[in-house]
Amino acid sequence: MHELTVLPDGTTAESAEDSSVLESLRRHDTILTSPCGGEGTCGKCRVLLEEGSANAPTPQERGLLGAAADEGSRLACQTMLQSNATVRIPAASRVPNVRVLTGGAPRDVPFFPNVRRRTFTWERSRLEDAESVVDVVAQLLDARADLRVDLAMARQLATGMEDGQTYEATILGNRLVAISPEGVDEDPLGIALDVGTTTVVAQLVNLTTGEAVGTHSRVNDQSRFGSDVIARINHSVAEEGGLDELREAALSTIKECVAMSGVDPSHIYEAVAVGNTTMMHLLAGISPESLGQLPYTPVVRAGADVPAADMPMPFNDVASVHLMAGIAGYVGADTVGAMLAAGFDEEYDGVRLLADIGTNCELVLQRGAEIVACSTPAGPAFEGARLEHGMLAGPGAIERVTIGDTCEIRVVGRVEARGICGSGVVDVTAQLLDADIVEMTGRMVNEEDAPESLSDDIRGRIEDGEYGPVFVLARREDGDAVYVTQRDIRETQLAKAAVRTGIDTLLHSMDIPADDIDELLIAGGFGSYLNTANARRLGMIPDIADEKIRYVGNAALVGARLALISAEMRARGEALSRRVTHVHVARLPNFQDRFSEAMLFE
Ligand code: FES
């Protein structure tokens, strides 16, 4: 065991000989960006080994680090200490506080939650004509004849109630789960959960009024095991105890969200959770192994009600968790939630497309009552991963780029630029196309081949990089530059081609020309910050006028909330999940042709 000193924090951690520095830091609650899950292929987990000795870097590690390898930089996931050591963690290697979308367009629905609070005044005289105390309580509550009580509640009822006293009963489904004298207990709460691969968002809802009482989010603690679902699936399959680790990580993130809210968890009687299919499997403790291999079939896709104590989720002991239904291996309960929020459970007079663009892009097309859906692997570019200076949309991420005579950038948090996030890379690619610095094929020109018309400032930003030209977006105070490379443009090209191929495939499956789309609904964090003019310029989305485009925010969370406050909406969500026709884009015979065509910029 070696002692690892961590700078600039000044803390120390223990590092076992067979553990990488990344794992040792993880155990020390210091989380580094690790999109590849420690495979040594993304190059994002850089640290500076200031003191001590370690194994020699492999040629692959040297390749990823470039010249920095000679100055002591290492990939934390590839570094095994051979003595006590000191590492410095650059800001760019830390997981940023990600900008999280918590709002979304509301929709009026009948308020009838599964958890209800009712008052009744105990009338002892009714026992004379009744078969049981529970029957009398049911009569007084005007509740369903099949009102059930568990053993703990039966014991409480046996201790007797005071004649003439008014009580409040909490009913969950058909179960009487709590009784207390009127005015003693606070209103019951529910919690809508959007369990995303990157972040978990929790919205607490007063189930007596339907009002949201707080929304809290945290980076999903599972990020320690890789940034995308494939890394998580691999961890759950390859590592002993990996499935439990991932489930516990998600649960602890939910627990942290509840702790942030300051509410007493015992007031939470029900949760509705949405997420992609992998997240839902992990949350339920079901191995997602089948989602990692063809034909990507989920173990379950129907919705389920699970006792919170079995998961275990940190709510009231009698609470229930509703896991919303999904559609397919890569079109999950989050898509069903978004569809519910956008009203896809009702017939639509026209054609509309719902797009949630991220590492995995989910698309849903509706015409009348007919609905088709698909997913396309857009890859990590839109989450900022696998780009030379890519990062999530946290402080320091360039999120907007405009190129004219100068290059204007907007940075999340209005701080010094650290990297570039998904919306920024869409902008810069579109702007470089307009400036003829990137060609239709995706090739970036070098300075000599750049158009004469460019200003000196813009021309001066085209530099020679290690693997071809780069375009400099910002220079930092420490002298480093934030730039996009030819490879970044290629990654963006692949991502936009995947999205467009999915859209074209759905349109083709219903024989609908793109011009017939009446409405494009853009959901999710990346989409909400997307400049649609630039997305059109790349050909990522068809030529749809701005007035037909609507941002629907975190629609998945809104859908979970609707299912929490309305039993009818919950049932509609379940029915919707079965009504959708799922299209396997990559299995269609003309997929390759369509994808190759979509690779070109317009
Ligand atoms: S290279 Fe270390 S986590 Fe990806």
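Residues numbered from 1 in each chain as written. Predicted model: local features only at pLDDT ≥ 70, side-chain atom pairs only at ≥ 80, totals over all residues. Heavy atoms only, no water.

A. Representation of the overall build of the protein chain within the structure. Helix and strand counts for the protein chain stand at 16 helices and 27 strands. Taking 2.2 N^0.38 as the reference for a compact globule, 602 residues should give roughly 25 Å; the C-alpha atoms of the protein chain span a radius of gyration of 27 Å, in line with that estimate. Overall, the protein chain is about 100 × 65 × 40 Å in size when its C-alpha atoms are taken along their principal axes. Among the 602 residues that make up the protein chain, the fraction classed as buried is 55%. Surface summary for the protein chain: the accessible area is close to 25400 Å², and the carbon and sulfur share equals 47%. When the 52 basic and 91 acidic side-chain charges of the protein chain are each reduced to a single mean position, those positions are 2 Å apart. (Helix = DSSP H or I, 4+ residues; strand = E, 2+ residues; numbered from the N terminus. Rg over C-alpha atoms; globule rule 2.2 N^0.38 Å. Buried < 20%, exposed > 50% of the residue type's maximum accessible area, 1.4 Å probe, protein only. Areas by Shrake-Rupley, 256 points an atom, 1.4 Å probe, with all protein chains shown as cover. Lys, Arg positive; Asp, Glu negative; His and termini not counted. Charge placed at Lys NZ, Arg CZ, Asp CG, Glu CD.)

B. How the structure looks around the state of the cysteines. Here the structure, examined in full by the defined rule, presents zero disulfides. Here C374 is not cross-linked by a disulfide; its sulfur's nearest cysteine counterpart is in C361, at 7.2 Å. (Disulfide = S-S within 2.5 Å.)

C. Broad picture of the sheet that holds strand β3 (residues 46–51). Read across the sheet, five strands follow the order β2-β1-β5-β3-β4 without closing on themselves; strand pairing throughout is mixed. Each edge of the sheet is formed by a strand with only one pairing partner; in this case those strands are β2 (11–15) and β4 (73–75). Here the strands of the sheet are splayed against their neighbours by 40° on average, with no regard to which way each runs. In terms of strand pairing, strand β1 (residues 2–7) meets β2 through five bridges, oriented antiparallel. Looking at β2, one finds that L4 is bridged to A13. (Pairing = 2+ DSSP bridges. Axes fitted to C-alpha atoms, helices over the stretch in contact; angles between N-to-C directions.)

D. Focus on the sheet that holds strand β9 (residues 175–181). The sheet built from four strands is open, its strands ordered β6-β8-β9-β7 with mixed pairing. With one partner strand each, in any of the chains shown, β6 (115–121) and β7 (148–149) form the two edges of the open sheet. Pairing of β7 with β9, which is carried by two bridges, proceeds in the parallel orientation. Directly across from R148, in β9, lies its bridge partner R175. Helix α3 (residues 133–141) rests against β6, β7, β8 (166–172) and β9 of the sheet, and its axis sits at about 100° to β6. Packing against the sheet, helix α4 (residues 151–158) makes contact with β7 and β9, and its axis sits at approximately 35° to β9. (Contact = heavy atoms within 4.5 Å.)

E. Region of interest: empty space enclosed by the protein. Under the criterion given, the structure shown has one cavity of 30 Å³ or more. By volume, the largest cavity amounts to about 40 Å³. Together, T335, A338, L354, D356, E362 and V364 line the largest cavity. For the lining of the largest cavity, the secondary-structure elements that each account for two or more residues are α8 (333–342), β16 (348–356) and β17 (360–368). Of the residues contributing to the lining of the largest cavity, the split by class is three nonpolar, one polar and two charged. (1 Å grid on protein atoms, 1.4 Å probe; cavity = no way out; pocket = protein on both sides within 12 Å on 5 of 7 lines; lining within 4 Å. Points joined across faces, edges and corners; volume = space filled by probe spheres on them. Nonpolar A, V, L, I, M, F, W, Y, C, P; charged D, E, K, R; others polar.)

F. View of the nonpolar core. In this structure, L283, M313 and F315 are the most contacted members of the largest nonpolar core, which totals 78 residues. The element contributing the most residues to this core is helix α14 (residues 555–565), with nine residues. Look past the residues within four positions of M313 in its chain and what remains in contact with it is L193, L251, I254, L283, A308 and V321. (Core = buried A, V, L, I, M, F, W, Y, C linked by side-chain atoms within 4.5 Å.)

G. Quick peek at helix α16 (residues 591–599). Every buried residue of α16 is accounted for by F591, R594, F595 and A598. End-on, the buried residues of α16 take up no more than an arc of 100°, which puts them together on one face. Within α16, the exposed residues directed more than 90 degrees away from the buried face are D593 and E597. Looking at the buried side of α16, the elements it contacts are α11 (486–509). (Arc of directions from axis to C-beta.)

H. Molecular detail of the side chain of D488. Assignment of secondary structure puts D488 in helix α11. For the buried D488, no salt bridge exists, and the shortest N-O distance to an oppositely charged side chain is 5.2 Å, to R487. Dropping the residues within four chain positions of it, D488 is found in contact with R386, L387, E388 and Y483. (Salt bridge = Lys/Arg side-chain N within 4 Å of Asp/Glu carboxyl O.)

I. The domain arrangement of the protein chain, seen in detail. Segmentation of the protein chain into domains returns domain 1 (2–93), domain 2 (115–181), domain 3 (189–323) and domain 4 (346–602). Placing a centre on the C-alpha atoms of domain 1 and another on those of domain 3 gives a separation of 30 Å. Counting residues at the interface gives five residues for domain 1 and seven residues for domain 3. Between domain 1 and domain 3 the total buried area reaches about 480 Å² when both faces are included, carbon and sulfur atoms providing 53% of it. On the domain 1 side of the contact with domain 3, R26, I31 and P35 bury the most area, a combined 72% of that side's loss. For the interface between domain 1 and domain 3, the tally reads zero salt bridges. Residues belonging to the side of domain 1 that touches domain 3 are distributed by class as follows: two nonpolar, two polar and one charged. (Domains from an automatic or database assignment. Buried area = accessible area lost by both parts, 1.4 Å probe.)

J. Structural view of the pattern of salt bridges. If you walk through the whole model with that rule in mind, you get 28 salt bridges. Between D70 and R62 there is a salt bridge, with its nearest N and O atoms 3.3 Å apart. We classify D70 as exposed; its relative accessible area is 62%. By relative accessible area, which is 38% here, R62 ends up partly exposed. Residue R550 pairs with E519 through a salt bridge whose shortest N-O separation is 2.9 Å. Of this pair, R550 sits in strand β26 (residues 549–553) while E519 sits in strand β25 (residues 519–523), and the two are 31 residues apart along the sequence. Judged by its relative accessible area of 34%, R550 is partly exposed. Residue E519 is classed as buried on the basis of its relative accessible area, which comes to 15%.

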